[in-house]
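What follows is the residue order along each chain.
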Amino acid sequence: MTDLRDATCVACPAQALAVGAFDVTDRPRQDTRYDPGLGWRVHRITGAPTCVHPYRVGMPPGRYASAGEPLPSPGDHGRPVPTDEDLVLPDDVTLLEAWLIATVRRAPANGLARTLRRAEERAAARFGDRDVLIALRRVLSYEL
């Protein structure tokens, strides 16, 4: 059996930082880069940790850490939902978790098992079983 405890952790800053300690953008952009030492994207100029999937953190895009924009009050906004673009399998393994989350959140309740099976097969063909298993474990531990 493979020990996955030493696997590289691909994370969103929201999984490790308090709300307001990171910015949120609507998708990955050229002005953010993934920092493997931190485990999340960082804005090239401001250095602010950046979540690139608003539906993942349930917050609208905003420069909360870098510009001190006020945090939205609960109920000020609808929970962002994954877009059709978020359902496109990424080429970058650091975006695999977000794709899986989008896939799970957009799946019909009665088709979740079928959706997960299909997602696992598609992702494994691109990234390999180990990366997919790690991402699925992380996603399913808090999505279901």
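All of these numbers come straight from a predicted model, not from anything done at the bench. Along each chain, the written sequence defines residue order, and numbers are assigned to residues from 1. This being a predicted model, a pLDDT of at least 70 is required before a residue's local features are given, and a value of 80 or more before pairs of side-chain atoms are given or counted; all residues contribute to the totals for chains, interfaces and linings. Hydrogens and waters are ignored; side-chain quantities use all the structure's heavy atoms.

**Considerations on the pattern of salt bridges**
Here comes step 1: In what follows, salt bridge is the name for a side-chain nitrogen of Lys or Arg lying within 4 Å of a carboxyl oxygen of Asp or Glu. Inspection of the entire model under this criterion finds 11 salt bridges.
Here comes step 2: Ionic pairing is found between D26 and R29, a salt bridge with its closest N-O pair at 2.2 Å.
Here comes step 3: The class for D26 is partly exposed, based on a relative accessible area of 30%.
Here comes step 4: Burial here depends on accessible area, computed with a 1.4 Å probe over protein chains only, as a share of the maximum for the residue type. Under 20% is buried, over 50% is exposed, and the range in between is partly exposed. In this structure R29 comes out as partly exposed when scored by relative accessible area, which is 39%.
Here comes step 5: Salt-bridge contacts for R56 lead to E97; the nearest nitrogen and oxygen are separated by 2.6 Å. Of this pair, R56 sits in helix α1 (residues 54-57) while E97 sits in helix α2 (residues 96-106), and the two are 41 residues apart along the sequence.
Here comes step 6: Classification of R56 as buried rests on a relative accessible area of 14%.
Here comes step 7: The class of E97 is buried, set by a relative accessible area of 3%.
Here comes step 8: It is possible to trace a salt-bridge network through shared partners that takes in D26, R27, R29, E85 and D86. Only DSSP runs of H or I reaching four residues or more are called helices, and only runs of E reaching two or more are called strands; each is numbered from the N terminus.

**Focus on the sheet that holds strand β4 (residues 49-51)**
Here comes step 1: For two strands to be treated as a pair, DSSP must find at least two bridges joining them. On the basis of which strands lie adjacent, the open sheet formed by 4 strands has the order β1-β4-β3-β2 and mixed pairing. Of all the strands in the sheet, the pair left with one neighbour each is β1 (23-24) and β2 (32-35).
Here comes step 2: Examined bridge by bridge, β1 and β4 share 2 bridges and lie parallel to one another. What sits directly across from V24, in β4, is C51.

**Observations regarding helix α4 (residues 129-143)**
Here comes step 1: Expected helix span is computed as 1.5 Å times (number of residues minus one). Taking 1.5 Å as the rise per residue, α4 with 15 residues should run 21 Å; its terminal C-alpha atoms sit 20 Å apart, in good agreement.
Here comes step 2: Within α4, burial applies to V132, I134, A135, L136, V139 and E143.

**Digging into the side chain of T115**
Here comes step 1: Inspection of the secondary structure assignment puts T115 in helix α3 (residues 112-127).
Here comes step 2: Judged by its relative accessible area of 15%, T115 falls in the buried class.
Here comes step 3: Here, residues are in contact when the closest pair of their heavy atoms is within 4.5 Å. Not counting residues up to four positions away in its chain, the partners in contact with T115 are T103, A107 and P108.

**Considering the pairing of β2**
Here comes step 1: When β2 meets strand β3 (residues 40-43), the two strands line up antiparallel, connected through 4 bridges. When the sheet's bridge partners are listed, R33 is paired in β3 with V42.
Here comes step 2: The antiparallel pairing of β2 with β3 creates a hairpin that spans 4 residues between the two strands, and G39 there sits at a positive phi of about 90°.

**With respect to the environment of W99**
Here comes step 1: For W99, the position within the fold is in helix α2.
Here comes step 2: Classification of W99 by relative accessible area gives buried; the value is 2%.
Here comes step 3: Placed 36 residues apart in sequence, W99 and A135 show a C-alpha to C-alpha distance of 9.8 Å.
Here comes step 4: The contact partners of W99, leaving out residues within four places of it in the chain, are Y55, D86, L87, V88, L89, P90, A119, R122 and A123.
Here comes step 5: Think of a polar contact as two N or O atoms within 3.5 Å of one another; within protein, one of them needs to be a possible hydrogen donor and the other a possible acceptor, and neighboring residues in sequence only count if both atoms come from side chains. A polar side-chain atom of W99 sits 3.0 Å from the main-chain carbonyl oxygen of L87.

**Here we look at the pairing of β3**
Here comes step 1: Two strands pair when backbone bridges link them, and β3 and β4 are joined in this way by 2 bridges, in the antiparallel orientation. Note that in β4 the partner of R41 across the bridge is T50.
Here comes step 2: With antiparallel pairing between neighbouring strands as the criterion, β3 and β4 make up a hairpin whose turn holds 5 residues, including G47 at a positive phi of roughly 75°.

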